[in-house]
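Spelled out from the first residue to the last, the chains are:
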Amino acid sequence: MFYSSFNPIHIGHLVIANHLAEHSDLNEICFDVTPYNPFKTKNSLLDNYQRLEMVYRATKDYTKLKPSDIEFILPQPNYTVNTLAYLQEKYPDYAFFLIMFEETLKIFLK
């Protein structure tokens, strides 16, 4: 799972995800569009479905890159740990890997 607000999705997201998809054992990279990032102001984000549509359009030509709206059904504000717990419960036979940018990692390490 590649977590981000994707506000908007950009070439850096695609380069990283495509590199991982092509040079790792990962079957696919899901771009999890976060509807509400508790670390950002809501008014700075584009509409959830606009961002999801942009991710869909940006990834549609890549067979291993998929948009995901999984967090749209979870209570808000949502935290990554809750999404991972939900996914593990729903898909116990799958292994999930977290992909994020350094700026997000710094938030986790605080």
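If you're wondering where the values come from, they're calculated on a predicted model, not measured in any experiment.

**What about the side chain of serine 68?**
Relative to the elements of secondary structure, serine 68 occurs in strand 3 (residues 65–68). Since its relative accessible area comes to 12%, serine 68 is described here as buried. At 3.3 Å, the side chain of serine 68 and the backbone nitrogen of isoleucine 70 are in polar contact. Contact partners of serine 68, with chain neighbours within four places excluded, come to Met1, Cys30, Phe31, Asp32, Val33 and Leu52.

**Focus: the nonpolar core**
Phe2, Phe6, Ile29, Phe31 and Leu65 are the most contacted members of the largest nonpolar core, which has 15 residues in total. Those elements that place two or more of their residues in this core are helix 1 (11–22), strand 2 (29–33) and helix 2 (48–59). When near neighbours in sequence (up to four residues on either side) are disregarded, phenylalanine 6 contacts His13, Phe31, Asp32, Val33, Arg51, Met54 and Val55. One finds Met1, Tyr3, Cys30 and Ile70 within the second-largest nonpolar core, a separate group that totals five residues.

**Observations concerning the environment of glycine 12**
The topology assignment puts glycine 12 in helix 1. Measuring from C-alpha to C-alpha, the distance between glycine 12 and phenylalanine 101 comes to 9.8 Å, with 89 residues separating the pair along the chain.

What counts, and where the lines are drawn
- Residues numbered from 1 in each chain as written.
- Predicted model: local features only at pLDDT ≥ 70, side-chain atom pairs only at ≥ 80, totals over all residues.
- Heavy atoms only, no water.
- Helix = DSSP H or I, 4+ residues; strand = E, 2+ residues; numbered from the N terminus.
- Buried < 20%, exposed > 50% of the residue type's maximum accessible area, 1.4 Å probe, protein only.
- Polar contact = N/O pair within 3.5 Å; in protein donor to acceptor, adjacent residues only side chain to side chain.
- Contact = heavy atoms within 4.5 Å.
- Core = buried A, V, L, I, M, F, W, Y, C linked by side-chain atoms within 4.5 Å.

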